[in-house]
Amino acid sequence: MSTLALLVVLLWVGFGLAVIFGLGYLVSRRPRLKGPVMVSLTAAMALAAILTLVTQAGAPSDGAEHGRPVAPTVRTGR
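Reference entry: report on the structure contained in this document. All values reported here derive from a predicted model rather than from experimental measurement.

Considerations on a nonpolar patch on the surface
A grouping of Leu 4, Leu 7, Val 8, Leu 10, Leu 11, Trp 12, Phe 15, Val 19, Leu 23 and Leu 26 is seen on the molecular surface, where their side chains present a nonpolar patch of about 960 Å² in accessible area. Tracing the chain through its elements places Leu 26 in helix α1 (residues 3–29). Given the relative accessible area of 45%, Leu 26 is considered partly exposed.

Printed below as a string of structure tokens:
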């Protein structure tokens, strides 16, 4: 993964944590709203799902690095 991609992931994590803690604080300040822990956990799960999709989208398939070809697999009849 390139340095720019890692920086983007780091920024997403920082922003996501700020949103999660902000939601938790907002919900805890308002007694009418139930489940501050559930709101924070739901936001954390959504952030983790988005980050997983983003980081896996840039990963090369078949174990190849960017710019390098993958050696073909030769299968015999045995």
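Let's pick the thread back up.
Here's the deal with α1
Compared with the 39 Å implied by 1.5 Å per residue over 27 residues, the 39 Å span of α1 between its first and last C-alpha is a close match. Where α1 is concerned, the buried positions are Val 9, Gly 16, Ile 20, Gly 24 and Val 27. Buried residues along α1 sit in contact with α2 (36–57).

Here we look at α2
Here α2 contains 22 residues, and its C-alpha end-to-end distance of 32 Å stays within 8% of the 32 Å for a straight helix at 1.5 Å per residue. Within the span of α2, buried status applies to Ser 40, Ala 43, Leu 47 and Leu 51. Down the axis of α2, the buried side of the element spans an arc of 70°, and every buried residue falls inside it. Turned more than 90 degrees away from the buried face of α2 sit Met 38, Met 45, Leu 53, Gln 56 and Ala 57, all of them exposed. Buried residues belonging to α2 abut α1.

What counts and how
- Residues numbered from 1 in each chain as written.
- Predicted model: local features only at pLDDT ≥ 70, side-chain atom pairs only at ≥ 80, totals over all residues.
- Heavy atoms only, no water.
- Patch = residues over 30% accessible without salt bridge, like charges linked within 9 Å, V, L, I, M, F, W, Y side chains within 5 Å.
- Areas by Shrake-Rupley, 256 points an atom, 1.4 Å probe, with all protein chains shown as cover.
- Salt bridge = Lys/Arg side-chain N within 4 Å of Asp/Glu carboxyl O.
- Helix = DSSP H or I, 4+ residues; strand = E, 2+ residues; numbered from the N terminus.
- Buried < 20%, exposed > 50% of the residue type's maximum accessible area, 1.4 Å probe, protein only.
- Expected span 1.5 Å × (residues − 1).
- Contact = heavy atoms within 4.5 Å.
- Arc of directions from axis to C-beta.

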